[in-house]
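Architecture and fold: a report
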Amino acid sequence: MTDAVQTQSSDAKFAKRVFSGIKPSGGLTLGNYLGAIKRFVDMQSPDFTSIYCVVDLHAITVWQDPAELKTATREVAAGYMAAGIDPSQSILFNQSQVSQHAELGWIFNCVARVGWMNRMTQFKDKAGANAEKVSLGLYAYPSLMAADILLYHATHVPVGDDQKQHVELTRDIASKFNHDFKTDFFPLAEPVIEGPAMRIMNLRDGTRKMSKSGESDMERINMTDDADKIAKKFKKAKTDPEPLPETLGGLKDRPEARNLVDIYAALSDQTSEAVIAEYAGAGWGKFKPALAELAVEKLAPISTEMARLMDDPAEIDRILAKGSDRAREIAAPILDQTYEIVGLLKA
Ligand code: TYM
């Protein structure tokens with residue numbers, strides 16, 4: 001995976017550094033795993049620092065039950081580790097333990113323009129017709145996300161497709177800050193969006209993203225689902241009557257079929273083209289059981305390990321505290337320099 005990181009390096013002044021985050025709201029889905037966590041694992045390397053965060057301050061932009069938030073925070077941390085994030089190699093922590101995120105977030109609230117925020121499609125989707133009633137935090141969320149990334153001078157941000165606009169906004173914020181203060185202090189971070197799993201779709205409606213909050217549990221795979229549930233959900237996934245085509249182009253107007261092929265590809269570390277080549281002409285009676293078997297083989301060990309880790313919450317808390325100390329070591333001097341550039345007095 002380091003290839004993509006090398007070819008996309010944004011700026012020679014900045015050492016390669018990877019940052020990404022996941023919200024602890026609801027549970028982790030297959031979309032989070034394939035679009036994010038699995039790729040984070042592939043991006044761990046002794047050659048550069050990788051920083052993976054449980055972004056709890058983002059979660060509270062919508063109401064979270066306090067006890068459930070703590071559990072969800074530990075569960076995302078457990079998901080990271082169960083999938084292969086090694087806390088002795090990567091920095092693994094939760095955002096609220098490093099107060100510099102909120103502090104830099106405020107400075108970026110004063111850099112970002114209201115017009116930029118108004119263009120954020122995710123806010124429009126989430127707020128819908130209810131925009132007057134959602135929290136101010138939900139609106140300002142992308143500038144906190146910019147702070148998450150830039151607080152570490154991160155150069156590469158692996159995310160799913162739905163976060164692309166937020167990473168682009170991060171670049172706009174960095175550029176405006178650098179321009180306004182006549183500096184080149186913040187790097188222009190690159191979104192790293194690649195592979196077959198950039199947008200895993202709902203199993204019941206291939207035009208909608210798989211998300212934690214969809215109304216029916218059958219439309220998503222949760223990382224805590226057991227083998228029976230995973231198999232059942234794939235077997236019941238919506239499809240169409242046609243067999244799989246000879247080429248990927250044949251899936252153009254078949255979103256549900258395309259989604260299952262992409263999931264198979266991502267789980268088996270192949271391209272979607274290779275999966276089509278293998279299953280050309282196969283019907284769903286053949287493909288779905290093969291997909292279910294593959295998914296169980298790949299996901300069951302992760303959910304078992306997550307459950308094992310969740311049995312010892314104190315150990316997860318220790319790991320997050322240690323990761324937070326390491327994160328602060330990078331973040332504090334960058335925030336101090338930002339204060340200095342902005343002209344905020346600090347003793
Ligand atoms: P969140 O918590 O919604 O999702 C976490 C990651 O999972 C990816 N993802 C998906 N990928 C493919 N298919 C899907 N169906 C799918 N669903 C989710 C997301 O793209 C994301 O990469 N704002 C972010 C969290 C964040 C962040 C950051 C990310 C806060 N600060 C700094 C990167 C850098 C979010 O809400 O992700």
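No experiment lies behind these values; they were computed from the predicted model shown.

Our focus in this paragraph is the site of the ligand. In the vicinity of the ligand, 27 residues are found, and the nearest of them are Lys23, Tyr141, Asp148, Asp162 and Ile200. Between a nitrogen atom of the ligand and a main-chain N or O atom of Gly31, the distance comes to 3.3 Å. Side-chain polar atom of Asp162 to an oxygen atom of the ligand: 2.4 Å apart, as the coordinates give it. Because more than half of its atoms lie within 2 Å of the grid, the ligand is assigned to the largest pocket.

This part is about helix α2 (residues 30-42). Its axis deflected by about 30 degrees at Ala36, α2 carries its strongest bend there. For α2, the tally of buried residues reaches 11 of 13 residues, placing the bulk of the element in the interior. At the N-terminal end of α2, a side-chain oxygen is found 3.1 Å from the backbone nitrogen of Gly31, two or three residues along, and the residue is Thr29.

Let us look at the pattern of salt bridges. Any two side chains of opposite charge can pair, so long as their charged atoms come close to each other. What the rule picks out here adds up to 21 salt bridges. Salt-bridge contacts for Lys164 lead to Glu168; the nearest nitrogen and oxygen are separated by 3.8 Å. Of this pair, Lys164 and Glu168 both sit in helix α9 (residues 164-180), four residues apart, which is roughly one turn of the helix. Taking relative accessible area as the criterion, Lys164 reaches 36% and is therefore assigned partly exposed. In this structure, Arg328 and Asp325 form a salt bridge, with 2.9 Å as the shortest nitrogen-oxygen distance. Of this pair, Arg328 and Asp325 both sit in helix α14 (residues 313-342), three residues apart, roughly one helical turn. The class of Asp325 is partly exposed, set by a relative accessible area of 41%. Each of Asp217, Arg220, Asp225 and Lys233 takes part in salt bridges that share partners, so that together they form one network.

Most peptide bonds take the trans form, and the phi angle of most residues other than glycine is negative. In this structure, His153 takes a positive phi of about 50 degrees despite not being glycine. One can find His153 in the loop between α8 (136-150) and β4 (156-158). For His153, a relative accessible area of 12% translates into the label buried. Look at Lys182: it is not a glycine, yet its phi comes out positive at around 50 degrees. Mapped onto the elements, Lys182 comes out in the loop between α9 and β5 (190-192).

Next up on the list: the confidence of the model for the chain. Looking at the chain as a whole, the pLDDT averages 94, with 97% of positions reaching at least 70. The model gives residues 1-9 a pLDDT under 50, and that stretch makes 18 contacts with residues more than four places away or in other chains.

Let us now look at empty space enclosed by the protein. Applying the stated criterion to the full structure yields one cavity of 30 Å³ or more. Of the pockets and cavities examined, the largest cavity occupies roughly 70 Å³. Looking at the largest cavity, the residues that line it are Met120, Gln122, Phe123, Lys126, Leu138, Tyr141, Pro142 and His166. For the lining of the largest cavity, the secondary structure elements donating two or more residues are α7 (121-127) and α8. For the lining of the largest cavity, the class distribution of residues is five nonpolar, two polar and one charged.

Our focus in this paragraph is a positive patch on the surface. Together, Arg204, Lys229, Lys232 and Lys236 make up a positively charged patch on the protein surface. Structurally, the position occupied by Lys236 is in the loop between α10 (227-235) and α11 (255-267).

In terms of domain boundaries, the chain breaks down into domain 1 (3-192 + 312-342) and domain 2 (217-308). Just the C-alpha atoms count here: the centres of domain 1 and domain 2 sit 29 Å apart. Across the contact, 12 residues belong to domain 1 and 15 residues belong to domain 2. The largest share of the area that domain 1 buries against domain 2 comes from Leu30, Tyr33 and Ala82, three residues that together contribute 43% of it. Along the contact surface separating domain 1 from domain 2 lie one salt bridge. Here domain 1 is connected to domain 2 by four residue pairs in polar contact (both at pLDDT 80 or more). Taken together, the elements giving at least two residues each to the side of domain 1 that touches domain 2 come down to α2 and α4 (66-83). Examining the composition of the side of domain 1 that touches domain 2, we find that five residues originate from one element, α4, more than from any other.

Counting across every chain of the model gives 15 aromatic pairs. Taking 4.9 Å as the distance between ring centres and 65 degrees as the angle between the ring planes, the aromatic pair formed by Phe185 and Phe186 counts as edge-to-face. Of the two residues, Phe185 and Phe186, neither departs from the other in class, the shared state being buried. Aromatic rings pair up to connect Phe108, Phe177, Phe181, Phe185 and Phe186 into one cluster.

About the criteria used
Residues numbered from 1 in each chain as written. Predicted model: local features only at pLDDT ≥ 70, side-chain atom pairs only at ≥ 80, totals over all residues. Heavy atoms only, no water. Near = heavy atom within 4 Å. Polar contact = N/O pair within 3.5 Å; in protein donor to acceptor, adjacent residues only side chain to side chain. 1 Å grid on protein atoms, 1.4 Å probe; cavity = no way out; pocket = protein on both sides within 12 Å on 5 of 7 lines; lining within 4 Å. Sits in = over half its atoms within 2 Å of the grid points. Bend = angle between axes of the 7 residues up to and from the residue. Helix = DSSP H or I, 4+ residues; strand = E, 2+ residues; numbered from the N terminus. Buried < 20%, exposed > 50% of the residue type's maximum accessible area, 1.4 Å probe, protein only. Salt bridge = Lys/Arg side-chain N within 4 Å of Asp/Glu carboxyl O. pLDDT = per-residue confidence, 0-100. Contact = heavy atoms within 4.5 Å. Points joined across faces, edges and corners; volume = space filled by probe spheres on them. Nonpolar A, V, L, I, M, F, W, Y, C, P; charged D, E, K, R; others polar. Patch = residues over 30% accessible without salt bridge, like charges linked within 9 Å, V, L, I, M, F, W, Y side chains within 5 Å. Areas by Shrake-Rupley, 256 points an atom, 1.4 Å probe, with all protein chains shown as cover. Lys, Arg positive; Asp, Glu negative; His and termini not counted. Charge placed at Lys NZ, Arg CZ, Asp CG, Glu CD. Domains from an automatic or database assignment. Buried area = accessible area lost by both parts, 1.4 Å probe. Phe/Tyr/Trp six-rings, centres within 6.5 Å; stacked < 30°, edge-to-face > 60°.

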